[in-house]
Amino acid sequence: MYAIVYKTDGFPICRQVAGVSPDPVVTWNTEAAAVAFISAKGGDKEFQPVALTDEAMDKIAATMGCPVESITFDPYPG
């Protein structure tokens with residue numbers, strides 16, 4: 001599973017859902033699918049895909065300012 005994060009600070013692309021905090025992190029099944037999404041939106045300079053390893057999840061949680069256990073996911077397309 002992959003997330004797309006900003007290159008500048010590592011903050012992930014999230015989907016806003018009423019009553020859910022923190023916002024769910026949008027995920028892609030493959031790196032190729034995440035790269036294709038980034039390219040289709042013209043975001044090659046601003047975004048990068050990240051495999052959701054334990055280390056990556058810890059970094060994403062720190063960036064989002066929440067415990068890793070509170071992160072939820074929203075698969076794309078959803």
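Rules used in this analysis
Residues numbered from 1 in each chain as written. Predicted model: local features only at pLDDT ≥ 70, side-chain atom pairs only at ≥ 80, totals over all residues. Heavy atoms only, no water. Core = buried A, V, L, I, M, F, W, Y, C linked by side-chain atoms within 4.5 Å. Buried < 20%, exposed > 50% of the residue type's maximum accessible area, 1.4 Å probe, protein only. Helix = DSSP H or I, 4+ residues; strand = E, 2+ residues; numbered from the N terminus. Contact = heavy atoms within 4.5 Å. Pairing = 2+ DSSP bridges. Axes fitted to C-alpha atoms, helices over the stretch in contact; angles between N-to-C directions. Salt bridge = Lys/Arg side-chain N within 4 Å of Asp/Glu carboxyl O.

## Quick word on the nonpolar core
Stage number 1. Counting 10 residues, the largest nonpolar core consists of Ala 3, Val 5, Val 25, Leu 52, Met 57, Ile 60, Ala 61, Met 64, Cys 66 and Ile 71.
Stage number 2. Of all the elements in the fold, those that place two or more residues in this core are strand E1 (2-6) and helix H2 (54-64).
Stage number 3. The element that contributes the greatest number of residues to this core is H2, accounting for 4 residues.
Stage number 4. Judged by nonpolar contacts, the second largest core, of 6 residues, contains Ile 4, Val 26, Ala 34 and Ile 38.

## A look at the environment of Cys 14
Stage number 1. One can find Cys 14 in the loop between E1 and strand E2 (25-28).
Stage number 2. Separated by 10 residues in sequence, Cys 14 and Ile 4 place their C-alpha atoms 9.0 Å apart.
Stage number 3. Discounting chain neighbours no more than four positions away, the residues touching Cys 14 are Asp 23, Pro 24, Val 25, Val 26 and Met 64.

## Here we look at the side chain of Asp 74
Stage number 1. Mapped onto the elements of the fold, Asp 74 is located in strand E4 (residues 73-75).
Stage number 2. Sequence-distant contacts of Asp 74, defined by excluding residues within four places in its chain, comprise Arg 15, Pro 24, Val 25, Val 26 and Thr 27.

## What to know about the sheet that holds E1
Stage number 1. Strand order in the open sheet formed by 4 strands is E3-E1-E2-E4, and the pairing between neighbours is mixed. Two strands in the sheet have a free side with no partner beyond their single neighbour: strand E3 (47-51) and E4. Averaged over neighbouring strand pairs, the angle between their axes works out to 45 degrees when direction is ignored.
Stage number 2. Where helix H1 (residues 31-40) meets the sheet, it contacts E1, E2 and E3, and its direction lies at approximately 165 degrees from that of E3.

## A look at unusual backbone geometry
Stage number 1. Of the consecutive residues Ser 21 and Pro 22, the connecting peptide bond is found in the cis state with omega at 0 degrees.
Stage number 2. Tracing the backbone through its elements, the reader meets Pro 22 in the loop between E1 and E2.
Stage number 3. The linkage connecting Tyr 76 with the following residue, Pro 77, adopts the cis geometry, with an omega of -10 degrees.
Stage number 4. Position of Pro 77 relative to the elements: it lies in the segment after E4.

## Topic: the pattern of salt bridges
Stage number 1. Using the criterion set out here, one finds 2 salt bridges in the structure.
Stage number 2. The partner of Arg 15 in a salt bridge is Asp 74, and the shortest N-O contact between them spans 3.2 Å. Here Asp 74 lies in strand E4 and Arg 15 lies in the loop between E1 and E2, a separation of 59 residues in the sequence.
Stage number 3. On the basis of relative accessible area, Arg 15 is assigned to the partly exposed category, the value being 43%.
Stage number 4. Between Lys 59 and Glu 55 there is a salt bridge; the shortest N-O distance is 3.4 Å. Pair noted here: Lys 59 and Glu 55 are both in helix H2, with a separation of 4 residues, about one helical turn. Pair check on accessibility: Lys 59 and Glu 55 agree, each one exposed.

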